[in-house]
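Structural overview for review
Here is what each chain is made of, one letter per residue.
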Amino acid sequence: MEKNYIIAGFGGQGVLFAGKILANAFMLCGKNVTWYPCYGAEMRGGTVNCEIVVSDEEVSSVHKQDADCVIALNQLSFDRFISKIKKAGHIICNSSLIKEEKTRNDINYTFFPMTDAASGIGNYKPANMVALGVLSNIEKILSVDILKKAIDIVLPDDRKKLAGFNIEAILSGYENLLPAC
């Protein structure tokens with residue numbers, strides 16, 4: 001099994017942080033993983049994405065042509081990566097910032113108001129963690145417990161106090177996702 005995930009948004013949304021957590025969670029499960037960041041020089045407000053390739057075997061390459069799953073945190077990312085998704089793949093969209101439109105009929109869509117959900121727990125910033133909770137619920141690839149352990153690995157010591165807040169955001173995405181109609 002080899003799968004390619006892309007997380008995309010703008011600088012300041014924690015795209016690379018979410019990618020590191022996802023990559024570390026897969027490693028905790030004994031998978032082979034690559035994490036490949038891509039960002040512009042403008043930092044906050046510029047486009048940012050990262051690619052996580054996970055496999056039971058050695059990862060065949062770092063950068064793939066197509067993605068099995070894309071997490072789009074803003075409209076620009078949705079527009080940019082919708083064409084990269086494999087047939088029968090999945091896009092998870094932050095409907096707080098993305099129009100709910102299905103431009104392809106050969107992929108699966110999940111729209112969830114990630115920014116709104118994060119704001120509901122006190123701050124819009126962990127929308128990236130809400131997205132990981134949604135991913136965990138949809139694909140059943142990683143448990144919330146594994147994501148919690150990955151947060152503990154990735155957060156630097158001076159930010160460990162934010163672990164609970166990030167876990168609360170993951171749970172918000174995991175527990176509040178309604179089944180697709």
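These remarks concern the structure in this document. Just so it is clear, the model here is predicted, and its values are computed rather than measured.

Quick look at the overall build of the protein
Along the backbone of the protein there are six helices and six strands. Order of helices (α) and strands (β) in the protein, N terminus to C terminus: β-α-β-β-β-α-β-β-α-α-α-α. Since a compact globule built from 181 residues should have a radius of gyration of about 16 Å, the 15 Å found for the protein is in line with a globular shape. For the protein, with 181 residues in total, the buried portion stands at 50%. For the protein, contacts bridging at least 24 residues in sequence account for 56% of all contacts bridging at least 6. Accessible area of the protein: about 8,900 Å², with a carbon and sulfur share of 51%. Where the 19 positive side-chain charges of the protein centre and where its 20 negative ones centre are 2 Å apart.

Re the packing of aromatic side chains
Applying the stated criterion across every chain, the model contains two aromatic pairs. Seen in terms of ring centroids, Tyr-5 and Phe-26 are 5.7 Å apart; in terms of plane orientation they differ by 35°. Their pairing is tilted. Remark: Phe-26 occurs in helix H1 (residues 15-28) and Tyr-5 occurs in strand E1 (residues 2-10); sequence separation between them is 21 residues. Measuring from ring centre to ring centre gives 5.9 Å for Tyr-109 and Phe-111, while their planes differ by 5°; the resulting arrangement is stacked. Take Tyr-109 and Phe-111: they sit in the same class, and that class is buried.

Concerning the sheet that holds strand E3 (residues 47-55)
The strand order across the open sheet built from six strands is E2-E3-E1-E4-E5-E6, with neighbouring strands paired in mixed fashion. Every other strand in the sheet has two partners, leaving strand E2 (32-39) and strand E6 (108-112) as the edge strands with one partner each. Pairs of neighbouring strands in the sheet enclose a mean axial angle of 15°, with direction left out of account. With five bridges connecting them, strand E4 (residues 67-72) and strand E5 (residues 85-94) associate as parallel partners.

So, the pattern of salt bridges
As enumerated under the stated definition, the model contains seven salt bridges in all. One salt bridge connects Lys-3 with Glu-139, and the closest N-O pair in it is separated by 3.2 Å. Remark: Glu-139 occurs in helix H4 (residues 127-139) and Lys-3 occurs in strand E1; sequence separation between them is 136 residues. Where Asp-152 meets Lys-160, a salt bridge forms, and the shortest distance between an N and an O atom there is 3.5 Å. Since its relative accessible area comes to 48%, Asp-152 is described here as partly exposed.

A word on the pairing of E3
Among the nine residues of E3, eight are classified as buried, and the element is accordingly described as predominantly covered. The sheet contact formed by E1 and E3 spans nine bridges and is antiparallel. Bridge pairing links Asn-4 to Val-53 in E3. Taken together, the eight bridges between E2 and E3 define a ladder with antiparallel strand orientation. Bridge pairing in E3 places Cys-38 opposite Asn-49.

Details of helix H5 (residues 144-154)
The α-helix winds at 3.6 residues per turn, so residues separated by three or four positions along the chain end up facing the same way. Along H5, the residues classified as buried are Val-144, Ile-146, Leu-147, Ala-150, Ile-151 and Val-154. Buried positions in H5, seen along its axis, are confined to an arc of 155° and lie on one side of it. At its buried positions, H5 is contacted by H1, H4 and helix H6 (163-176).

Definitions and cut-offs
Residues numbered from 1 in each chain as written. Predicted model: local features only at pLDDT ≥ 70, side-chain atom pairs only at ≥ 80, totals over all residues. Heavy atoms only, no water. Helix = DSSP H or I, 4+ residues; strand = E, 2+ residues; numbered from the N terminus. Rg over C-alpha atoms; globule rule 2.2 N^0.38 Å. Buried < 20%, exposed > 50% of the residue type's maximum accessible area, 1.4 Å probe, protein only. Contact = heavy atoms within 4.5 Å. Areas by Shrake-Rupley, 256 points an atom, 1.4 Å probe, with all protein chains shown as cover. Lys, Arg positive; Asp, Glu negative; His and termini not counted. Charge placed at Lys NZ, Arg CZ, Asp CG, Glu CD. Phe/Tyr/Trp six-rings, centres within 6.5 Å; stacked < 30°, edge-to-face > 60°. Pairing = 2+ DSSP bridges. Axes fitted to C-alpha atoms, helices over the stretch in contact; angles between N-to-C directions. Salt bridge = Lys/Arg side-chain N within 4 Å of Asp/Glu carboxyl O. Arc of directions from axis to C-beta.

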